[in-house]
Amino acid sequence: PEWAASFRDQEAKLTPYPLRTTIVGDSGNALLLLAGAVVLVLLVAIANVATLMLVRGSARGTELAVRNALGAGRGRLVRLLLAESGLLSLGVLAVSLLVTAGGVAFLQRELASLPRVSEVGLDPGTLLLAAGLALASGLFVTLSPIVTLLLRQPGGPVSVRSGVSPGVTRVRRWLVAGEFALALPLLFGAALLVHSFVRLSRVNPGFDPVGVVALDLALPRGRYPDPAATQRFLSQAESRAVELFGAGQAGMTTALPPDDPGDVNN
């Protein structure tokens, strides 16, 4: 009601939208999809490393048996395995943070159109989450050799046996099955994304872009300090473009179709 007098259409209605929707739009759905894919990739990586740790634990059976014979109890052996996986997790965390810092810089440079992408960064909450995930992943990949160690009969003979135990083989099969179960959604998701991209590239935009040339223009505020000076330049540039380049038509816009900046008044 307060602005009704300035509306061109007196019957127009003002429809409010949440500020969050206005700023980020529908980018939240894309981020959720990306986060789901990242979680699946993380789980696949955990299953891979867990399989490797299980095989390595089987190869170290003689070493652990010798340690046990020399007086190291199961608790000390478990702490040994956890310490090794913890050091591995911390090393991977340090490398991943360096890669993430480079990825954030690349994201801000190449995807500047994302809402509030300049505010993306590695804050303390992100670092704590990454550290927690790294330590939890290290603990998870150590579970299989720890379970194998705990199921072993104490005080058994120290010997080198060929092959692996049925329990290790069974756990390895479970891990491989889990990898396939996690990899299939990633494969189908990637295929659907490629299919969607191909279909979007074939959509008719509603206009013929052949022979159309577009360029971005940013005026320095020092030479054009007010809207009047900017408007004079734009008017002259529009007419001069037709004269200099022989264009059939020239025009100015704040956004090229089919982009929608959210401002219907421009």
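Residues numbered from 1 in each chain as written. Predicted model: local features only at pLDDT ≥ 70, side-chain atom pairs only at ≥ 80, totals over all residues. Heavy atoms only, no water.

Q: I would appreciate a short explanation of the environment of arginine 74 in the present structure.
A: Note that arginine 74 resides in helix α4 (residues 74-110). Arginine 74 sits in the partly exposed class, given a relative accessible area of 29%. Along the chain, arginine 74 and isoleucine 146 lie 72 residues apart, while their C-alpha atoms are 9.2 Å from each other. (Helix = DSSP H or I, 4+ residues; strand = E, 2+ residues; numbered from the N terminus. Buried < 20%, exposed > 50% of the residue type's maximum accessible area, 1.4 Å probe, protein only.)

Q: Help me understand α4 in this model?
A: In a regular helix each residue adds 1.5 Å, so 37 residues correspond to 54 Å; α4 covers 52 Å between its end C-alpha atoms and thus fits that length. Here α4 has its buried residues at Leu77, Val78, Leu81, Ser85, Gly86, Ser89, Leu93 and Val104. (Expected span 1.5 Å × (residues − 1).)

Q: How do you make sense of the confidence of the model for the chain when you look at a structure like this?
A: A low pLDDT score tells you not to read the predicted coordinates there in detail. When pLDDT is averaged along the chain, the result is 75, and 80% of the positions lie at 70 or above. Considering each helix and strand of the chain separately, the mean pLDDT is smallest for helix α3 (residues 61-69), with a value of 74, and largest for α4, with 83. Counted against residues more than four places away or in other chains, residues 155-163, with its pLDDT under 50, gives seven contacts. With pLDDT under 50 throughout, residues 262-266 is counted as low confidence; its partners more than four residues away or in other chains account for one contact. (pLDDT = per-residue confidence, 0-100. Contact = heavy atoms within 4.5 Å.)

Q: Mind showing me how you'd approach the side chain of serine 89 here?
A: Of note, serine 89 is situated in helix α4. Contact partners of serine 89, with chain neighbours within four places excluded, come to Ala134 and Gly138.

Q: Any chance you could explain the nonpolar core here in plain terms?
A: Most often, soluble globular proteins keep nonpolar side chains buried together rather than apart. With six residues, the main nonpolar core is built from Ile46, Ala50, Met53, Leu54, Val141 and Leu175. Here this core takes four residues from helix α2 (residues 27-59), the largest share from any one element. Contact partners of methionine 53, with chain neighbours within four places excluded, come to Val141 and Pro145. (Core = buried A, V, L, I, M, F, W, Y, C linked by side-chain atoms within 4.5 Å.)

Q: What am I meant to see in the side chain of serine 85 here?
A: Relative to the helices and strands, serine 85 resides in helix α4. Those residues within four positions of serine 85 in sequence are excluded, and the remaining contacts are Gly138 and Thr142.

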